[in-house]
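Tertiary structure, described
Given next are the chains, with one letter for each unit.
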Amino acid sequence: MDKPKVVLGVSGGIAAYKACELLRRLTESGHDVRVVPTASALHFVGAATWSALSGHPVSTEVWDDVHEVPHVRIGQGADLVVVAPATADMLAKAAHGLADDLLTNTLLTARCPVVFAPAMHTEMWEHPATQENVATLRRRGAVVIEPAVGRLTGVDTGKGRLPDPVEIFEVCRRVLARGVTEPDLKGRHVVVSAGGTREPLDPVRFLGNRSSGKQGYALARTAAARGARVTLLAANTGLPDPAGVDVVQVETAVQLREAVLKAAADADAVVMAAAVADFRPAEYATGKIKKKDDKDPEPVVLVRNPDILAEVSADRARPGQVVVGFAAETDDVLANGRTKLVRKGCDLLVVNEVGERKTFGSEENEAVVLGADGSETTVPYGPKEALAETVWDLVAQRLA
Ligand SMILES: Cc1cc2nc3c(=O)[nH]c(=O)nc-3n(C[C@H](O)[C@H](O)[C@H](O)COP(=O)(O)O)c2cc1C
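Here we summarise the structure given alongside this text. What you see is a predicted model; the values in this text were computed from it and never measured. (Residues numbered from 1 in each chain as written. Predicted model: local features only at pLDDT ≥ 70, side-chain atom pairs only at ≥ 80, totals over all residues. Heavy atoms only, no water.)

**A look at the site of the ligand**
Lining the immediate surroundings of the ligand are 14 residues, of which G12, T38, T87, A88 and D89 lie closest. At 2.8 Å from an oxygen atom of the ligand is found a main-chain nitrogen or oxygen belonging to A88. Burial of the ligand by the protein chains amounts to 66% of its free accessible area of 640 Å². Within the shell around the ligand, the residues separate by chemical class into seven nonpolar, six polar and one charged. (Near = heavy atom within 4 Å. Polar contact = N/O pair within 3.5 Å; in protein donor to acceptor, adjacent residues only side chain to side chain. Areas by Shrake-Rupley, 256 points an atom, 1.4 Å probe, with all protein chains shown as cover. Nonpolar A, V, L, I, M, F, W, Y, C, P; charged D, E, K, R; others polar.)

**What about the side chain of T231?**
On the secondary structure map, T231 appears in strand β11 (residues 229–235). Within polar-contact distance, the side chain of T231 engages the side chain of H189 at 2.7 Å. Apart from residues lying up to four places away in sequence, T231 is in contact with H189, V190, V191, V192, D246, V248 and A263. (Helix = DSSP H or I, 4+ residues; strand = E, 2+ residues; numbered from the N terminus. Contact = heavy atoms within 4.5 Å.)

**Looking at the layout of surface pockets**
Here the largest pocket is characterised by a volume of approximately 850 Å³. Considering the residues around the largest pocket, the lining is formed by 36 residues, among which A274, A275, V276, F326 and K340 are closest to the centre. Looking at the lining of the largest pocket, the elements with two or more residues in it are β8 (189–195), α10 (214–225), α12 (308–314), β16 (322–329) and α13 (333–344). The element contributing the most residues to the lining of the largest pocket is β16, with four residues. Across the lining of the largest pocket, the residue classes break down as 15 nonpolar, 13 polar and eight charged. In this structure, the second largest pocket spans a volume of roughly 460 Å³. (1 Å grid on protein atoms, 1.4 Å probe; cavity = no way out; pocket = protein on both sides within 12 Å on 5 of 7 lines; lining within 4 Å. Points joined across faces, edges and corners; volume = space filled by probe spheres on them.)

**Section: the pattern of salt bridges**
Summed over the entire model, instances satisfying the criterion amount to 25 salt bridges. K159 serves as the salt-bridge partner of D246, at 3.3 Å between the closest nitrogen and oxygen. Taken together, the positions of D246 in strand β12 (residues 245–250) and K159 in strand β7 (residues 157–161) put the pair 87 residues apart, joining distant regions of the chain. Judged by its relative accessible area of 30%, D246 falls in the partly exposed class. Taking relative accessible area as the criterion, K159 reaches 19% and is therefore assigned buried. Here D184 and R226 are joined by a salt bridge, their closest N and O atoms 2.7 Å apart. (Salt bridge = Lys/Arg side-chain N within 4 Å of Asp/Glu carboxyl O. Buried < 20%, exposed > 50% of the residue type's maximum accessible area, 1.4 Å probe, protein only.)

**Observations concerning a negative patch on the surface**
On the surface, E61, D64, D65 and E68 cluster together into a negatively charged patch. Of note, E68 is situated in the loop between α3 (47–54) and α4 (70–76). Of the residues examined, E68 reaches a relative accessible area of 47% and is grouped as partly exposed. (Patch = residues over 30% accessible without salt bridge, like charges linked within 9 Å, V, L, I, M, F, W, Y side chains within 5 Å. Lys, Arg positive; Asp, Glu negative; His and termini not counted. Charge placed at Lys NZ, Arg CZ, Asp CG, Glu CD.)

**Considerations on the sheet that holds strand β19 (residues 376–383)**
With respect to topology, eight strands assemble into an open sheet ordered β12-β11-β8-β13-β16-β17-β18-β19, the strand pairing being mixed. The two strands at the open ends of the sheet, each matched to only one other strand, are β12 and β19. On average, each strand axis in the sheet is tilted by 20 degrees relative to the strand beside it, whichever way the strands run. Note that β8 and strand β13 (residues 269–272) share four bridges and pair parallel. By the bridge assignment, V191 is partnered in β13 with V270. Relative to the sheet, helix α14 (residues 384–399) contacts β8, β13, β16, β17 (348–353), β18 (364–371) and β19, its axis offset from that of β19 by approximately 150 degrees. (Pairing = 2+ DSSP bridges. Axes fitted to C-alpha atoms, helices over the stretch in contact; angles between N-to-C directions.)

Below, the structure is given as structure tokens:
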């Protein structure tokens, strides 16, 4: 089988060097990558690097090898075009259909999915001109990854940083795997919770659970690759932010509830993959609880936490909002799952059995997705992303 053909467009931002890592990942995972830098990009990383790493000649403009008509052929032959970093200038040119170099010509001739990974200073990103250009590109079906928040060029920090190349690679892989030019969650806002809540006893101790957040992050990543605007509510995961996703950090169940209700207000779907503590200590000791030599410890009194899934399901923020819950069970998995689905009132419940090599902390999972309509979808053992894709398939069906 031919290798999938990827065009890696690189425009003139300081983060151009990070595209070398993206290029390496793409080539090592079996993609045939043609790099098309802009003239500005070559100020940051030279043509020799792109050519040596990709194994292809590199040109910035349409006047080289004219007999091969590269301004048309490169785009026509591509299975995916990814522009990383995408400058404010490149987003503007793409949105307006300008074609004054090889990359902009390629963007006009490509009929495959296109991913932009913007990187720029916060002021440039937030400027209405850039935001309108991004909206135009998304409306046309391009996947525009949200920039990350962090250190920018010079002493500045803020939103505008190029997401980690590993994350951009994951988006590319998912977009290529789906092979669609029209992302099916385009224009949708989805909220995903991930990780496990921590309920503090004192400033150093908490009651927690084993959830790693990997399933929730897979859900966030795959939804972004399918064109959704994603809000990820991350509870104590320690995982890097997925590319193109707005991440809100929370610690406790009460904080998660607040964050879910706020984000769900305009959401098309809410997927609650986080493991939420059912109970929290009734009292929080402001100082560290000390061991007393001659005394047994005081019992810990617990109170109920809010049932966020039941609340979101019962009180939908907008008509047609799809609510998905997760249930990790150890016994009578399906029977307990069905009972929980009815009790919570959600549309879908992903039921998985807690076991070795699956659920907590692992890269793999297997599950049955129960529908309130009586449906049962079995997802065999495999990467958490495969389960995530099935969940979005089922959500997309219900949204349609
Ligand atoms: C040191 C330096 C860093 C730059 N970094 C960025 C950047 O991160 N993002 C951006 O949009 N523009 C950045 N620019 C400005 C672009 O290089 C400039 O807009 C250029 O015209 C972009 O051309 P291109 O889109 O054809 O690559 C930077 C310029 C310089 C000199």
